[in-house]
Amino acid sequence: EVPRWLVACEIPSIYKFTESKPAKGDSLSTKERDSMLKMIVGMAVHGYKYVPKSTNNGAVIEDIRKDLAHLKIPLSDDTIRNYLKEAVETVLSKKTAELQ
């Protein structure tokens, strides 16, 4: 699933995977995308102390961008911010709905 996630996020990889890369038009299934978004929220909140309801997460986003850049994975602050927003909206809204 990692190769598909990298392609979906438009992240170049330095690794060679045994499966062939999917075509640019291929997309993740809803279940796969939800799983990826859950990982994003979990890593951001517990690894970077991201606060989903805060409007002041700029330093966290910059830390994520710098860590990715250190791994030679360029990603803009806007892209990181957009995926974090989507992850929070998708994962936490579903979690809240389950609790009701």
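On a predicted model such as this, the values are computed, not experimentally measured, just so you know.

Caption draft 1: Spotlight on the environment of Leu-37. Inspection of the secondary structure assignment puts Leu-37 in helix α2 (residues 30-48). Its relative accessible area of 1% is what places Leu-37 among the buried residues. Between the alpha carbons of Leu-37 and Thr-90 there is a distance of 7.5 Å; along the sequence they are 53 residues apart. Excluding residues within four positions of it along the chain, Leu-37 makes contact with Tyr-83, Glu-86, Ala-87, Thr-90 and Val-91.

Caption draft 2: Highlighting the side chain of Thr-90. Within the secondary structure, Thr-90 sits in helix α4 (residues 77-99). Residue contacts for Thr-90: discarding those within four places in its chain leaves Asp-34 and Leu-37.

Caption draft 3: The pattern of salt bridges, seen in detail. Following the criterion strictly, the structure yields 4 salt bridges and no others. Here Glu-62 and Lys-66 are joined by a salt bridge, their closest N and O atoms 3.0 Å apart. Of this pair, Glu-62 and Lys-66 both sit in helix α3 (residues 58-70), 4 residues apart, which is roughly one turn of the helix. Close ionic contact of Asp-78 with Arg-81 constitutes a salt bridge, the shortest N to O distance being 2.8 Å. In this pair, Asp-78 and Arg-81 both sit in helix α4, 3 residues apart, roughly one turn of the helix. The exposure class of Asp-78 is partly exposed, given its relative accessible area of 48%.

Caption draft 4: Broad picture of unusual backbone geometry. Here Glu-10, not a glycine, exhibits a phi torsion of approximately 60°, which is positive. Assignment of secondary structure puts Glu-10 in the loop between α1 (2-8) and α2. Of note in the backbone geometry, Lys-49 takes a positive phi value of approximately 60° without being a glycine. With respect to the helices and strands, the residue Lys-49 is situated in the loop between α2 and α3. Residue class for Lys-49 comes out exposed when judged on its relative accessible area of 61%.

Calculation criteria
All residue numbers refer to position in the chain's written sequence, counted from 1. Totals for whole chains, interfaces and linings use every residue, but because this is a predicted model, local features are given only for residues with pLDDT of at least 70 and side-chain atom pairs only at 80 or more, for both listing and counting. By convention in this description, side-chain values take in all heavy atoms of the structure and omit both hydrogens and water. A run of DSSP states H or I qualifies as a helix once it reaches four residues; a run of E qualifies as a strand once it reaches two. Both are numbered from the N-terminal end. Throughout this description, buried means an accessible area under 20% of the type-specific maximum (1.4 Å probe, protein chains only), exposed means over 50%, and partly exposed covers the range between. Contacts: residue pairs with any heavy atoms within 4.5 Å of one another. The term salt bridge refers to a side-chain nitrogen of Lys or Arg lying within 4 Å of a carboxyl oxygen of Asp or Glu.

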